[in-house]
Amino acid sequence: MKFISLTTMVMSATVLAGIVTAQSEPTGIPCSPPIQYGCGTLSLFNSGLPYLYFCEADSTTTVVKTCNCASCCNVVNGGVGSGRTDSCT
């Protein structure tokens, strides 16, 4: 019985480690709406500060730039086309 419990604990720890690793890099995570810019934050990426990303046609993120302060990411109307902007300082 102890062997099964230890095996389960090791497997659970391995899965959790994989989840934490996956959340430390935002490139490739799901996003919406596609073909637009956005601002995001992950506690394990860029010291928890925002980053500017582009939501690709397949609804996955590509990090464009990391920001230097908590309020430095700004996207207006998706950041694409006339009258739309994006910035990250």
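Refer to the preceding data block for the structure.
Reference entry: report on the structure contained in this document.

Conventions we followed
- Residues numbered from 1 in each chain as written.
- Predicted model: local features only at pLDDT ≥ 70, side-chain atom pairs only at ≥ 80, totals over all residues.
- Heavy atoms only, no water.
- Helix = DSSP H or I, 4+ residues; strand = E, 2+ residues; numbered from the N terminus.
- Buried < 20%, exposed > 50% of the residue type's maximum accessible area, 1.4 Å probe, protein only.
- Contact = heavy atoms within 4.5 Å.
- Areas by Shrake-Rupley, 256 points an atom, 1.4 Å probe, with all protein chains shown as cover.
- Pairing = 2+ DSSP bridges.

1. A look at the overall build of the chain
Then step 1. Regarding its fold elements, the chain presents one helix and five strands.
Then step 2. Looking at the chain residue by residue over its 89 residues, the buried ones come to 21%.
Then step 3. Residue pairs in contact within the chain that sit at least 24 positions apart in sequence constitute 28% of those at least 6 positions apart.
Then step 4. By element, 62% of the accessible surface of the chain is carried by carbon and sulfur atoms, the whole surface being about 5,800 Å².

2. Focus: the pairing of strand S2 (residues 51-55)
Then step 1. Of all five residues making up S2, five are buried, and the element is well covered by its neighbours.
Then step 2. Here S2 shows no split at all, with Tyr51, Tyr53 and Cys55 on one side and Leu52 and Phe54 on the other all buried.
Then step 3. In this sheet, S2 lies alongside strand S1 (residues 36-40) in antiparallel orientation, the contact comprising five bridges. Bridge pairing in S2 links Tyr37 to Phe54.
Then step 4. Bridge analysis of S2 against strand S3 (residues 61-66) gives five bridges, and the strand direction is antiparallel. Bridging from a neighbouring strand, Leu52 pairs with Lys65 of S3.
Then step 5. With antiparallel pairing between neighbouring strands as the criterion, S2 and S3 make up a hairpin whose turn holds five residues, including Ser59 at a positive phi of roughly 60°.

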